[in-house]
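Report on the structure
In case you want the letters, here they are:
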Amino acid sequence: AVERTLSIIKPDAVAKNVIGQIESRFENAGLRLVAMKMVQLSREQAEGFYAEHKERPFFGDLVAFMTSGPVVVQVLEGENAVAQNRDLMGATNPKDAAAGTIRADFAQSIDENAVHGSDSATSAAREISYFFKEEELCDRIR
Ligand code: CMP
């Protein structure tokens, strides 16, 4: 089914100037961008976005990293978009990421891992509405 998923190009990848190379991976796979913005996240925004990880030992470092520079927040749409995006990203830890995936090619560590993608349709709905109003999602199928 056609789905939407939230994708974030993280501060490390923005600093490496590989936004376009990462977007090409999505486009070449047939995913369509239906919303996108570059933003500098506040601590409150990053903490709220990653609220499910609040008790994890890496939470403080994660929030510090995600607020260390601008990110690109975007919505991808396409057939099985949630799983497709996760396949394109590769494993969370770039050391475990399959060759040719975004994290294998652009990430340096589990903390600075280039991209985020929603892990389920349920989190996609929550994450998309965290950053975008319904009217900011563009209709690309026409
Ligand atoms: P992301 O998909 O953005 O979701 C939470 C992030 O926490 C994850 O990518 C990693 O960059 C980071 N992280 C750091 N340590 C861990 C860990 N041990 N397990 C999962 N995520 C981690």
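Residues numbered from 1 in each chain as written. Predicted model: local features only at pLDDT ≥ 70, side-chain atom pairs only at ≥ 80, totals over all residues. Heavy atoms only, no water.

The protein chain goes by Nucleoside diphosphate kinase in an unreviewed UniProt entry, where it is assigned to Isoalcanivorax pacificus W11-5. Taken directly from UniProt, the Function (unreviewed entry) text for the protein chain runs: "Major role in the synthesis of nucleoside triphosphates other than ATP. The ATP gamma phosphate is transferred to the NDP beta phosphate via a ping-pong mechanism, using a phosphorylated active-site intermediate." UniProt's Subunit (unreviewed entry) comment on the protein chain is quoted here verbatim: "Homotetramer." (UniProt positions renumbered as here; feature names shortened; annotations may be inferred.)

What follows concerns the pattern of salt bridges. Taken as a whole and assessed by the stated rule, the structure comprises four salt bridges. Here Glu77 ties to Arg32 by a salt bridge, and the two come within 3.0 Å at their closest N and O atoms. Taken as a pair, Glu77 in strand 3 (residues 71–79) and Arg32 in strand 2 (residues 32–39) lie far apart in primary sequence, 45 residues in all. Residue class for Glu77 comes out buried when judged on its relative accessible area of 6%. In this structure, Glu47 engages Arg43 in a salt bridge whose closest nitrogen and oxygen atoms are separated by 2.9 Å. Within this pair, Glu47 and its partner Arg43 are both found in helix 3 (residues 43–49), separated by four residues, close to a single helical turn. In the salt-bridge network here, residues are joined through shared partners; they are Arg4, Arg32 and Glu77. (Salt bridge = Lys/Arg side-chain N within 4 Å of Asp/Glu carboxyl O. Helix = DSSP H or I, 4+ residues; strand = E, 2+ residues; numbered from the N terminus. Buried < 20%, exposed > 50% of the residue type's maximum accessible area, 1.4 Å probe, protein only.)

Before going further, it helps to examine the UniProt feature "binding site: ATP" (unreviewed entry) in the protein chain. The positions UniProt marks with the feature "binding site: ATP" (unreviewed entry) are Lys10, Phe58, Arg86, Thr92, Arg103 and Asn113. Lining the largest pocket, from the set of annotated residues above, are Lys10, Phe58, Arg86, Thr92, Arg103 and Asn113. If you trace the backbone, Phe58 turns up in the loop between helix 3 and helix 4 (59–66). By relative accessible area, Phe58 is classed as partly exposed at 28%. Looking at the secondary structure, you find Asn113 in the loop between helix 6 (102–106) and strand 4 (115–117). (1 Å grid on protein atoms, 1.4 Å probe; cavity = no way out; pocket = protein on both sides within 12 Å on 5 of 7 lines; lining within 4 Å.)

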